[in-house]
Amino acid sequence: MTTRRKFLVSSALATTAAMLGMKSIFSRSETPEKKVIKINTVRKPVVISTWDHGIAANEAAWKILSTNGRALDAVEQGVRVTESDPNITSVGYGGLPDRDGRVTLDACIMDENLNAGSVACIEHIKNPISVARLVMEKTPHVMLVGDGALQFALQNGFKRENLLTKKSKKAWEEWLKTSHYKPVDRNNHDTIGMIALDNNGNLSGACTTSGIAWKIHGRVGDSPIPGDGLYVDNEVGGAASTGVGEAVMRTCGSYFVVELMRAGKSPEEACKLAVERILKWNMKYNDLQVAYIALNKNGEAGGYAVKKGFQYALYADGKNQLIDAKYSES
Ligand code: GLY
């Protein structure tokens, strides 16, 4: 390559990197004879989500991402699959109710411009993530709760539905026999959190849950709170959590993960440090499980959990896979 051509290629790469905001992944050897430009590959599109129900959700998200769609649309459509599945008892329709037999749902969405929308303790709406998106896009607010959220949804054309399936009702009636109030002892089946990076290099995230089964009516967990259950900063990356929301809320979990990535940690390292922050405080929750997933601007993804059993679904390089996360405690 002639010196002039080398210079042009170098400049073009540097300009592209600058345009993409890739400062942190751009490095240059200053050897005068041999100027080497190294740009780490930005892998995209990518979508990551929590638990095995993430596989089907990723498929729906991938349809949008692989046709150059927007990450925001991908995460919304992705988690709607989980919300709509009556067999998933921790999210949306079919979610286990609170101790009064009421199915109350929490959801949050964030786009690439730090816009956020959420609903908490909403009843009778099968896809709360879409109400959260509407809150984000059509109101000057971030969060609507309870009756106000339901009223807003109905006014905007959402259908009022009974979300308590036969299966969930039966489980609740079984629980009522003892009414043993030990609401934080679930594992392996929980919130769906999803982060996507689209072909334009933009990140978005969504998180939706029916929360902890048999909770006190009105209890709201981490999932609808930006910075707790979900956080996306398009300059850095996004993170989402699953597990005992109270522990996540006390440590501002997803925000912490994103800030750790900003400070140079890989997604997995960042998730591990956020888990360790919880463990350091020796929080007294029964059978504590919390897990994080994270995806950075380069398309690198990872997850980490308090204990064994957490899996996340990662769709990247054309493959949708379930991955066993590393963990701190057995
Ligand atoms: N992470 C879901 C919840 O605690 O509600």
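As a reminder, the structure under discussion sits directly above these lines.
Bear in mind the structure is a predicted one, so any value in this text is a computation, not a measurement.

Q: What am I meant to see in a nonpolar patch on the surface here?
A: A grouping of Val142, Met143 and Val145 is seen on the molecular surface, where their side chains present a nonpolar patch of about 220 Å² in accessible area. Structurally, the position occupied by Val145 is in strand β6 (residues 143-145). For Val145, a relative accessible area of 47% puts it in the partly exposed group.

Q: Help me understand the pattern of salt bridges, please; the structure alone is not making it clear to me.
A: For side chains bearing opposite charge, pairing can occur when the charged atoms are close. All told, the structure shown has 17 salt bridges when counted by the stated rule. A salt bridge links Glu112 to Arg70; the nearest nitrogen and oxygen atoms lie 3.2 Å apart. In this pair, Glu112 sits in the loop between β4 (105-110) and β5 (116-122) while Arg70 sits in the loop between α2 (54-65) and α3 (71-84), placing the two residues 42 residues apart along the sequence. Arg133 is the salt-bridge partner of Asp73, the closest N and O atoms lying 2.6 Å from each other. Taken as a pair, Asp73 in helix α3 and Arg133 in helix α4 (residues 128-138) lie far apart in primary sequence, 60 residues in all. Take Asp73: its relative accessible area is 28%, and that puts it in the partly exposed class. The class for Arg133 is buried, based on a relative accessible area of 12%.

Conventions and cut-offs
Each residue is numbered by its place in its chain's sequence as written, counting from 1. Confidence filtering applies because this is a predicted model: local features only for residues at pLDDT of at least 70, side-chain atom pairs given and counted only at 80 or more, and all residues used for totals across whole chains, interfaces and linings. Note that water and hydrogens are dropped before the side-chain values are worked out from all heavy atoms of the structure. The residues that make up patches have over 30% relative accessible area and no salt bridge, and they are joined within 9 Å when like-charged or within 5 Å when they are Val, Leu, Ile, Met, Phe, Trp or Tyr. Each accessible area value is a Shrake-Rupley result obtained with a 1.4 Å probe; residue values ignore everything except the protein chains displayed when judging cover. Every case where a carboxyl oxygen of Asp or Glu lies within 4 Å of a side-chain nitrogen of Lys or Arg is listed as a salt bridge. The way it works is that DSSP assigns letters per residue, a run of H or I at least four long becomes a helix, a run of E at least two long becomes a strand, and they are numbered from the N terminus. A simple rule labels every residue: compare its accessible area, found with a 1.4 Å probe on the protein chains alone, to the largest value its type can have, and call it buried under 20%, exposed over 50%, or partly exposed in between.

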